[in-house]
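Each chain is listed here by its residues.
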Amino acid sequence: MKLLHIDSSALGANSVTRELTAAVVARWQDRVPGLQVQYRDLDANPVPHLTGRSLAKADPAEVADAEQVLKQFLEADVVVIGAPMYNFAIPSTLKAWIDRVTVSGTTFRYTENGPEGLAGGKKLVIASGRGGVHSGAPSDFQEPFLTFLFGFLGITDVEFVRAEGVAMSPQHRAEAMAAARESIVEPICEAA
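What you see is a predicted model, and the numbers here were worked out from it, not measured in a lab.

I tried to follow the overall build of the protein chain on my own but got confused; where do I start?
A tally of regular secondary structure across the protein chain gives seven helices and seven strands. Counting from the amino terminus, helix and strand elements in the protein chain follow one another as β-α-β-α-α-β-α-β-β-β-α-β-α-α. Computed over the C-alpha atoms, the radius of gyration of the protein chain is 17 Å, within 12% of the 16 Å expected from 2.2 N^0.38 for a compact globule of 192 residues. With the C-alpha coordinates of the protein chain rotated into their principal frame, the extents come out at 50 × 40 × 35 Å. Counting across all 192 residues of the protein chain, residues that qualify as buried make up 45%. Sequence-distant contacts in the protein chain: of pairs separated by 6 or more residues, those separated by 24 or more amount to 77%. Accessible area for the protein chain stands at about 9500 Å²; split by element, carbon and sulfur atoms hold 55% of it. If the 17 positive side-chain charges of the protein chain are averaged to one point and the 23 negative ones to another, these points end up 3 Å apart.

What am I meant to see in the packing of aromatic side chains here?
Each pair of aromatic rings is reported with the distance of its centres and the angle of its planes. This structure, assessed with the given rule, holds six aromatic pairs. Between F73 and F150, the ring centres sit 6.4 Å apart and the planes meet at 45 degrees, which makes this aromatic pair tilted. Pair noted here: F73 is in helix α3 (residues 60-75) and F150 is in helix α5 (residues 142-152), with a separation of 77 residues, a long-range link. As far as the burial class goes, F73 and F150 line up, both buried. On the basis of an interplanar angle of 50 degrees and a centroid distance of 4.9 Å, the ring pair of F108 and F152 is categorised as tilted. On the criterion of sequence distance, the pair formed by F108 in strand β4 (residues 108-111) and F152 in helix α5 is long-range, its members being 44 residues apart. We classify F108 as buried; its relative accessible area is 8%. For F152, a relative accessible area of 17% corresponds to the buried category.

Could you clarify how one ought to interpret the sheet that holds strand β6 (residues 123-129) in this entry?
Two pairing modes exist for strands in a sheet, parallel and antiparallel, and in both the strands are linked by backbone hydrogen bonds. What the five strands build is an open sheet, ordered β2-β1-β3-β6-β7; its pairing is parallel. A single partner strand is all that each edge strand has here, and the edge strands are β2 (36-41) and β7 (157-163). Taking each pair of neighbouring strands and ignoring which way they run, the sheet shows an average axis angle of 15 degrees. Pairing of β6 with β7 involves seven bridges; the strand directions are parallel. Looking across to β7, one finds that S128 is bridged to R162. Contacting β1 (2-7) and β3 (78-84), helix α4 (residues 92-101) crosses the sheet at an angle of about 150 degrees to β3.

It is not clear to me how the nonpolar core should be interpreted in this structure. Could you clarify?
The tendency in soluble globular proteins is for nonpolar side chains to be buried as a group. Counting 26 residues, the largest nonpolar core has F73, I81, L94, W97 and F150 as the members making the most contacts within it. Not counting chain neighbours up to four residues away, the residues in contact with W97 comprise L4, I6, L42, V47, V69, F73, V79, I81 and F150.

What is the right way to look at the side chain of S54 in this model?
Checked against the element boundaries, S54 lands in helix α2 (residues 52-55). Exposure remark for S54: the relative accessible area of 9% places this residue in the buried category. Among the polar contacts listed, one links the side chain of S54 to the side chain of E62, at a separation of 2.4 Å. Apart from the residues within four sequence positions on either side, S54 is in contact with H49, E62 and R100.

Is there a simple way to think about helix α6 (residues 170-182) in this case?
Think of an α-helix as turning once every 3.6 residues; residues three or four places apart then point the same way. The terminal C-alpha atoms of α6 lie 18 Å apart, and with 13 residues this matches the ideal 18 Å at 1.5 Å per residue to within 8%. Taken as a whole, α6 has its buried residues at A176, M177 and A180. Seen along its axis, α6 keeps its buried residues to an arc of 100 degrees; they face one direction. Seen from the open side of α6, the exposed residues pointing more than 90 degrees away from its buried face are Q171 and E182. The inward-facing, buried residues of α6 abut α1 (16-31) and β7.

Reading the values: rules and limits
Residues numbered from 1 in each chain as written. Predicted model: local features only at pLDDT ≥ 70, side-chain atom pairs only at ≥ 80, totals over all residues. Heavy atoms only, no water. Helix = DSSP H or I, 4+ residues; strand = E, 2+ residues; numbered from the N terminus. Rg over C-alpha atoms; globule rule 2.2 N^0.38 Å. Buried < 20%, exposed > 50% of the residue type's maximum accessible area, 1.4 Å probe, protein only. Contact = heavy atoms within 4.5 Å. Areas by Shrake-Rupley, 256 points an atom, 1.4 Å probe, with all protein chains shown as cover. Lys, Arg positive; Asp, Glu negative; His and termini not counted. Charge placed at Lys NZ, Arg CZ, Asp CG, Glu CD. Phe/Tyr/Trp six-rings, centres within 6.5 Å; stacked < 30°, edge-to-face > 60°. Pairing = 2+ DSSP bridges. Axes fitted to C-alpha atoms, helices over the stretch in contact; angles between N-to-C directions. Core = buried A, V, L, I, M, F, W, Y, C linked by side-chain atoms within 4.5 Å. Polar contact = N/O pair within 3.5 Å; in protein donor to acceptor, adjacent residues only side chain to side chain. Expected span 1.5 Å × (residues − 1). Arc of directions from axis to C-beta.

Now the structure itself:
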């Protein structure tokens, strides 16, 4: 079984989502023998944003990296993504990665009956960090976008591990992190 671990926070050791993705991945490693983990830190090693040059495949190094990003995504049985809320959405580095795995004819296609996701059969765990409280509020463009986007690709087994209100006070942060850790689903049930 293969797990792809993606972090996108720019906050390094102070990142809520990095702490949560590490906890999710550790749980999978503890429960699934032989689990192969691949990791990409989109802050330290970002995927270039799409440009006309990208689409024209003008830079061989960028083309090779994009192909590797797509291959890792397609081969993964489980994808764990750290997705902090930045300005009510996701970091641009995560959006750039998403642009490289959302590929017509490979991860989705259009049919006479509408779009069809081609990347299904994966488990997706998204560690969501938010300074305020946004669940169910009009200000939440993060989780609905990610749910829709990955559903468009055919991935419907989506779990959110959410820590909200982490910037409100140290107590809020501690309580949110404890609740988020408690919400992590046991992978053995998923992998069986």
